[in-house]
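# Commentary on secondary and tertiary structure
What follows is each chain in one-letter form.
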Amino acid sequence: IGFVVTAWGLLTAYVSMAYLWPSKKAIGNGSGKSVTIPLSGIPVGKSRKIRYEGKPIIVVRTAESIFALSAVCTHLGCLVNWNEGDNLIECPCHGAKFDLRGNVVGGPAPKPLESYRVQIKGKIIKIG
């Protein structure tokens, strides 16, 4: 019984960690001065996580603009997610909330998310 309980605990921990910290393959590879994404790759109102200079970032597209912010919560380092219904970026670990400029609007985060330069060139989003 002890073995089964231990195995179940380890499996649960592994699945939780894989959700909160996706692998490089899951969120793209990116190293260099800029990253490009097809504009059609992020529908209006949606987001996408990518890597930029080896760091996970979240790219959010609204009807007005496109925003690129660090995907790492400034509280304890969990990866944040886009909440389309509330138009906020939220941390699944402790409930920190950020606006599209990266400013803290709720929860325990001590500072804003880092933002990145975004340009739209034709049908391409360029970050960096």
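Given the structure is predicted, the values throughout are model-derived calculations rather than measurements. (Residues numbered from 1 in each chain as written. Predicted model: local features only at pLDDT ≥ 70, side-chain atom pairs only at ≥ 80, totals over all residues. Heavy atoms only, no water.)

### Considering the overall build of the chain
The secondary structure content of the chain amounts to 2 helices and 11 strands. Its helices and strands in sequence order give the chain the pattern α-α-β-β-β-β-β-β-β-β-β-β-β, from N to C terminus. Each of the 128 residues in the chain was classed as buried or not, and the buried ones make up 35%. Carbon and sulfur atoms make up 58% of the accessible area of the chain, which totals about 7700 Å². (Helix = DSSP H or I, 4+ residues; strand = E, 2+ residues; numbered from the N terminus. Buried < 20%, exposed > 50% of the residue type's maximum accessible area, 1.4 Å probe, protein only. Areas by Shrake-Rupley, 256 points an atom, 1.4 Å probe, with all protein chains shown as cover.)

### Quick word on the pairing of strand 3 (residues 55–61)
The buried fraction of strand 3 is high, at 6 of 7 residues. The sheet contact formed by strand 2 (residues 47–52) and strand 3 spans 6 bridges and is antiparallel. Residue pairing across strands places Arg48 opposite Val59, the latter belonging to strand 3. Here strand 2 hands over to strand 3 after 2 residues, with Glu53 in that stretch at a positive phi of 50°. As paired elements, strand 3 and strand 4 (residues 66–70) share 5 bridges and run antiparallel to each other. In the sheet register, Val59 faces strand 4, and the bridge partner there is Ala68. Turn length for the strand 3-strand 4 hairpin, with the two strands adjacent in sequence and antiparallel, is 4 residues. (Pairing = 2+ DSSP bridges.)

### Looking at the environment of Arg117
Tracing the backbone through its elements, the reader meets Arg117 in the loop between strand 9 (115–116) and strand 10 (118–121). The class of Arg117 is exposed, set by a relative accessible area of 54%. In the structure, Arg117 is positioned 11 residues away from Gly128 in sequence and 5.2 Å away in space, judged by C-alpha atoms. When neighbours within four sequence positions are excluded, Arg117 is seen to be in contact with Lys126, Ile127 and Gly128. (Contact = heavy atoms within 4.5 Å.)

### Observations regarding the nonpolar core
Counting 17 residues, the largest nonpolar core has Ile58, Cys73, Val80, Ile89 and Phe98 as the members making the most contacts within it. Not counting the four nearest positions on each side in its chain, Cys73 is found in contact with Cys78, Val80, Cys91, Ala96, Phe98, Ala109 and Leu113. Tyr52, Ile57, Val59 and Ile125 belong to the second largest nonpolar core, which has 13 residues in total. (Core = buried A, V, L, I, M, F, W, Y, C linked by side-chain atoms within 4.5 Å.)

### Topic: the state of the cysteines
Applying the stated rule across the entire model yields 1 disulfide. Between the sulfur atoms of Cys78 and its disulfide mate Cys93 the distance is 1.9 Å. Between Cys78 and Cys93, the S-S torsion sits near -100°, and that sign places the bridge as left-handed. Placement of the pair is Cys78 in the loop between strand 4 and strand 5 (81–83) and Cys93 in the loop between strand 6 (88–90) and strand 7 (97–98), with a sequence separation of 15 residues. For the unlinked cysteine Cys73, the closest cysteine sulfur is that of Cys91, found at 3.8 Å. Under the relative-accessibility criterion, Cys73 is labelled buried at 4%. (Disulfide = S-S within 2.5 Å.)

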